Amino acid sequence: MTSLAPLPHETPASPSDLEIMRLQLGRDMRGVVSIARRCGCGRPAVVRTAPRLEDGTPFPTSLYLTLPWLTLELSRLEATGLMAELTERLESDEQLAAPYRAAHERYLARRAEIGEAEEVAHVSAGGMPTRVKCLHALAGQSLAEGPGINPVGDQVLAMIDGAAPELVCRCQDEEPGTDPDEHRTDEGEEGR
Ligand SMILES: [Zn+2]
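Residues numbered from 1 in each chain as written. Predicted model: local features only at pLDDT ≥ 70, side-chain atom pairs only at ≥ 80, totals over all residues.

## Thoughts on the sheet that holds strand 1 (residues 32-38)
Point 1. On the basis of which strands lie adjacent, the open sheet formed by three strands has the order 1-2-3 and antiparallel pairing. Of all strands in the sheet, those bounded by a partner on one side alone are strand 1 and strand 3 (63-65). Taken over all neighbouring pairs, the strand axes of this sheet differ in orientation by 30° on average, direction set aside.
Point 2. In this structure, strand 1 lies alongside strand 2 (residues 44-49), joined through five bridges in antiparallel fashion. Each bridged residue has a counterpart across the sheet, and for arginine 38 the counterpart in strand 2 is proline 44.
Point 3. Contacts from helix 1 (residues 15-25) reach strand 1 and strand 2, with the element oriented near 105° to strand 2. (Pairing = 2+ DSSP bridges. Helix = DSSP H or I, 4+ residues; strand = E, 2+ residues; numbered from the N terminus. Axes fitted to C-alpha atoms, helices over the stretch in contact; angles between N-to-C directions. Contact = placed C-beta atoms within 7 Å.)

And the structure:
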């Protein structure tokens, strides 16, 4: 395997990052390797996680979005039927499908840098390589790798104010009483 260029925004995860992610998610984030991307305010936005959690559970989504405002925006887009539209486009548009397959391979190669879980060896995230099943996972890869790697993640981020090219802080936008996590579909058990 040829080695990849380092993730462009990766930084170590501090104890305060772990605490912020606990507040963002309402639970402890497990298997934390590093912070792959931060919000404009410095809070973790995408966490890089090990493909196998401490208790042995495989966790294929190794670039995991934690930022509440962006999670909520993506959940809203998912609710519009965008994922079905994008999946249809992948079936008919090779200009989109080819780089999307490459993003899948990139996801697996990136994850292999930090470990292996043979149960999910060929499973990336978000529905790749041929479907769109979770915008959070695809956007997570786009934010972590930078633009030009995941064409679907890039397109989706371009639809959200403040998400691209820079990740502008909108942490104050959060609606009280909204639990963005309840809409997530990229938990480790899913997508096989
Ligand atoms: Zn912020």
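## Points about helix 3 (residues 82-92)
Point 1. For helix 3, the complete set of buried residues consists of Met83, Leu86 and Leu90. The buried side chains of helix 3 occupy one side of the element, clustering within an arc of 65° when seen end-on. In helix 3, the exposed residues that point more than 90 degrees away from the buried face are Ala84, Glu85, Glu88, Glu91 and Ser92.
Point 2. The secondary structure elements touched by the buried residues of helix 3 are helix 2 (68-78), helix 4 (94-112), helix 5 (135-145) and helix 6 (151-158). (Buried ≥ 20, exposed ≤ 12 C-beta atoms within 10 Å, placed from the backbone. Arc of directions from axis to C-beta.)

## Observations regarding unusual backbone geometry
Point 1. For the peptide bond that leads from methionine 128 to proline 129, omega is 10°, which places it in the cis range.
Point 2. Considering the arrangement of structural elements, one finds proline 129 in the loop between helix 4 and helix 5.
Point 3. Proline 165 follows alanine 164 through a cis peptide bond whose omega is 0°.
Point 4. By the element assignment, proline 165 lies in the segment after helix 6.

## Describing the pairing of strand 2
Point 1. Of all six residues that make up strand 2, six are buried, and the element is covered over most of its length.
Point 2. Linkage of strand 1 to strand 2, two consecutive antiparallel strands, is achieved through a turn of five residues, within which glycine 42 is found at a positive phi near 100°.
Point 3. Taken together, the three bridges between strand 2 and strand 3 define a ladder with antiparallel strand orientation. Directly across from valine 47, in strand 3, lies its bridge partner tyrosine 64.

## Observations concerning the packing of helix 5 against helix 6
Point 1. Where helix 5 meets helix 6, the axes come as close as 8 Å, and the angle between the chain directions of the two elements is 100°. Viewed along their axes, helix 5 and helix 6 adopt a mutual orientation that is roughly perpendicular. Contact residues: Leu135, Leu138, Ala139, Gln141 and Ser142 in helix 5; Val152, Gly153, Asp154, Val156 and Leu157 in helix 6.
Point 2. When grouped by side-chain class, the residues that make up the contact of helix 5 with helix 6 number six nonpolar, three polar and one charged. (Parallel < 35°, antiparallel > 145°, perpendicular 65-115°, else oblique. Nonpolar A, V, L, I, M, F, W, Y, C, P; charged D, E, K, R; others polar.)

## A short note on the packing of helix 2 against helix 5
Point 1. Where helix 2 meets helix 5, the axes come as close as 9 Å, and the angle between the chain directions of the two elements is 130°. As judged from the angle between their axes, helix 2 and helix 5 are oblique. Handedness of the crossing formed by helix 2 with helix 5: right-handed. On the side of helix 2, the interface is formed by Thr71, Leu74, Leu77 and Glu78, while helix 5 contributes Leu135, His136 and Ala139.
Point 2. Per-class residue counts for the contact of helix 2 with helix 5 are four nonpolar, two polar and one charged. (Left-handed = near helix turned anticlockwise from the far one by under 90°.)

## Points about the confidence of the model for the protein
Point 1. When pLDDT is averaged along the protein, the result is 91; 89% of the residues meet or exceed 70.
Point 2. Long-range and interchain partners of residues 187-192, a stretch whose pLDDT sits below 50, account for eleven contacts in this model, where long-range means more than four residues apart. (pLDDT = per-residue confidence, 0-100.)

## Some remarks on the nonpolar core
Point 1. With 38 residues, the main nonpolar core has Ala45, Val46, Leu138 and Ala139 as its most contacted residues.
Point 2. At six residues, helix 5 tops the list of elements feeding residues into this core.
Point 3. Discounting chain neighbours no more than four positions away, the residues touching leucine 138 are Gly126, Val132, Asn150, Val152, Gly153 and Val156. (Core = buried A, V, L, I, M, F, W, Y, C linked by C-beta atoms within 7 Å.)

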